[in-house]
Amino acid sequence: MVKSLYSGVTGLKTHQAKMDVIGNNIANVNTTGFKAGVVTFRDIYYQYKINPSGGTATLGGVNPAMVGYGVRLNSTVPNMTNSGFTQSDWWADIALDGDGFFQVQDATGNIFYTRAGKFSVDDNGYLVNASGYHVLGTMGNSEGQEASSEIIRIVIPATNDNASSATKRVNGTNVTISVSAPSDYTDMTVTFTEADFPYATYNNGILNIFFNSDEQYNSQDDFEQAIQTALQAGGITLPDDVSLKFEFENIPNDREARAASNRVEDFRFTTKTAEYQFHTTYLDDAGMTKHAYMTFSVNDPTCKDTVKINLSERPNADAVETAVYDSDTGAWTITAYYDSTAADINAAIKAQIDELDAAGKNVTKLNCDNLVLPAGEEKRQEIFDQLVNGVDAQLVGGTVTGVTLDVQVQEAGAFGNNYKVVFSYKAGYGNTSAIWDENTLTITVGADSTITDVNRAIREAANGDAKRLLTFNDISGLDYGADFPTQKDPQNVWQPVFRQAFFGGNPAIRPMDGKDSFFTETAKSLGTFALENGRIGSQQTYGDLSDIVIQSDGTIVGQHAVHGFIVLGRIDVVTFDNVNGLAQVSGTNFRKTVASGEPKLKIAGTEGSGTIISGALEMSNVDLSQEFTDMITTQRGFQANSRVITVSDTMLEELLSLKR
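Just so we're clear, the structure is a prediction, and the values are computed from it rather than from any experiment.

Engineer: Please explain the overall build of the protein chain as it appears in this structure.
Structural biologist: The secondary structure content of the protein chain amounts to 8 helices and 42 strands. Its C-alpha atoms give the protein chain principal-axis dimensions of about 205 × 50 × 45 Å. Within the protein chain, the proportion of its 660 residues that are buried is 42%. When contacts within the protein chain are restricted to residue pairs at least 6 apart in sequence, those whose partners lie at least 24 apart make up 67%. When the accessible surface of the protein chain is totalled, it reaches about 33600 Å², and 47% of it is carbon and sulfur. Within the protein chain, one finds 48 positive and 81 negative side-chain charges whose respective centroids are separated by 14 Å.

Dropping the structure here:
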């Protein structure tokens, strides 16, 4: 009877143990990577009441009669089936999809195995779990390495000193702008803008360079000097007192600026009259240059008549000027006196024309347009003699061809292509002038203008602006010089009729083919550069990574601003021949036993091991419906065993009452 009492006690104890396991399972229903415990019972031992015997010739065999003495735990093993996953946003939350365990190591070097992949990086760069245990695998560049059990530490190579820079393709070549020295403060935006004067501004990492668009840049040094000039004008000091440097790749051989020029030939024009002008210059009493001239013309541009002046003292008051025309040779011979006026000469010419008309002879109507001489009898006589000087003047007009204009811009650069040069005519002497109106240069030419006069007027109009300084190399026939009155080939002399007909028609010429230097064209197209990667070298830590991921084979890859993508290590896994032989320890960890066998190191996803899922955690595999069912059966078993004890106690009490 006492035996049944103790059998009931063993029943209570084993069912209580099972209830403990059930309670632990339910308590860990939300524990990451938890594996539910499974309890099994076994009976203890038996006592023979009837020994078994074999059969004989006269009697059959006897079966044994045995009485058991209770129950005890047979096993408490984890349920190693995989559970589902819960997603997270943390790169170091990982789960194994398939067989295997992660390796972790405590402070004393003991290695444990777990399915709970809740990891993080400590302040020393070690990959650890929630208990601070080191996560094991392969450290550093794991490519080509076998699976290992090394402590994983996130190590970032130190950065070297580097000057910030930016490169872009401009004007057909690669242009690099960099600072002169490494700095942590020169990652900035640099913008280049054309302006009338150099200047610079700097604010919030944006440097604006305003460079002189009229200047020609012929080298890398010119660029850097232009920047220094702009910075000084703006009072700007760059961070760390560095300077900007330029570098050009594949600079073309033809990189010099070219000045604009143009040569226009074979201008053609027609005069309305034919004329000739006697002309000379003299100095007055004040030493000023004065002009004396006498002009004859006919209203027939094809006329080739000649005019000869014979001068003398007027013999008496009744003497008059005479004009004689030879219609066979087309020659006019005019007799004039030192005190003659244009009106006097015209009266003599008219008298001759009237006489010839009356005789029925054809004659062109000559006209003395003007006669300008100095005052004072003696001076007038001297200059009048010098003016006519025995010249047989041929009246010239008609159609003129072959006039050439040849102009050269003095300042090299494409801006010369934007200019237009226009000529005009103003009658009289000393009327050469030039004036700019925006990009148009108007040159006024007078009766005595020469190329020298024209170029001098252009220089004065430029007023020191080299950009507007032009030079005429040729205006064919214009530069007649001091020999004008004695020219024997009047077709090649710019008579006033030619000047007025040609320049009065406002002939124009545009310089062309001007070209900026390679560096100037580049300067005008620089735009904006974003300088980056400037730094003073330093040790790097996990915190300097901009991103980090764990691949399906456990490889840890970090992204660094300087080094790019870096392999930082690999989380390796282990498998066991008998996972149910593992012993559970705290922290959802397991340790190996003789029953489990030795761990087999593997790279995740190989040799039957599971692959790693980043940003996920394995949930507990506790099945609440099963646990609640087990709880009911355990309760019933415990209750039944308590009844055995109660009944056994009652029977003992009845036995003790027999002696009464």
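That covers the picture; the talk isn't over yet.
Engineer: Sorry, what's going on with the packing of aromatic side chains here?
Structural biologist: Given two aromatic rings, their pairing is described by the distance between the two centres and the angle made by the two planes. One pass over the full model with this rule turns up 29 aromatic pairs. Between Phe223 and Phe519, the aromatic rings sit 6.0 Å apart at their centres with planes inclined by 70°, giving edge-to-face as the arrangement. Separated by 296 residues along the polypeptide, Phe223 in helix 2 (residues 220-234) and Phe519 in helix 7 (residues 518-523) bring together distant segments of the chain. Residue Phe223 is classed as buried on the basis of its relative accessible area, which comes to 5%. Between Phe518 and Phe519 the ring centres are 5.1 Å apart and the planes differ by 75°, which places this aromatic pair in the edge-to-face class.

Engineer: Is there a simple way to think about the state of the cysteines in this case?
Structural biologist: What we call a disulfide is simply a covalent bond connecting the sulfur atoms of a pair of cysteines. For the structure shown, the criterion picks out 0 disulfides. The thiol of Cys303 is not disulfide-bonded; the next cysteine sulfur, from Cys368, is found 15 Å away.

Engineer: Could you clarify how one ought to interpret the pattern of salt bridges in this entry?
Structural biologist: Side-chain pairs of opposite charge can arise whenever the charged atoms involved come near each other. Applying the stated criterion across every chain yields a total of 15 salt bridges. Linking Asp254 and Lys515 is a salt bridge whose minimum nitrogen-to-oxygen distance equals 3.3 Å. With Asp254 in the loop between strand 18 (244-248) and strand 19 (261-270) and Lys515 in the loop between strand 32 (508-509) and helix 7, the pair connects residues that are 261 residues apart, well separated along the chain. By relative accessible area, Asp254 is classed as partly exposed at 46%. Close ionic contact of Lys600 with Asp577 constitutes a salt bridge, the shortest N to O distance being 2.8 Å. Of the two residues, Lys600 is situated in strand 40 (residues 600-602) and Asp577 in the loop between strand 37 (573-575) and strand 38 (583-585); the sequence distance between them amounts to 23 residues. Assessed through its relative accessible area of 64%, Asp577 is described here as exposed. In this structure, a network of salt bridges that share partners links the residues Lys35, Arg115 and Glu618.

Parameters at a glance
- Residues numbered from 1 in each chain as written.
- Predicted model: local features only at pLDDT ≥ 70, side-chain atom pairs only at ≥ 80, totals over all residues.
- Heavy atoms only, no water.
- Helix = DSSP H or I, 4+ residues; strand = E, 2+ residues; numbered from the N terminus.
- Buried < 20%, exposed > 50% of the residue type's maximum accessible area, 1.4 Å probe, protein only.
- Contact = heavy atoms within 4.5 Å.
- Areas by Shrake-Rupley, 256 points an atom, 1.4 Å probe, with all protein chains shown as cover.
- Lys, Arg positive; Asp, Glu negative; His and termini not counted.
- Charge placed at Lys NZ, Arg CZ, Asp CG, Glu CD.
- Phe/Tyr/Trp six-rings, centres within 6.5 Å; stacked < 30°, edge-to-face > 60°.
- Disulfide = S-S within 2.5 Å.
- Salt bridge = Lys/Arg side-chain N within 4 Å of Asp/Glu carboxyl O.

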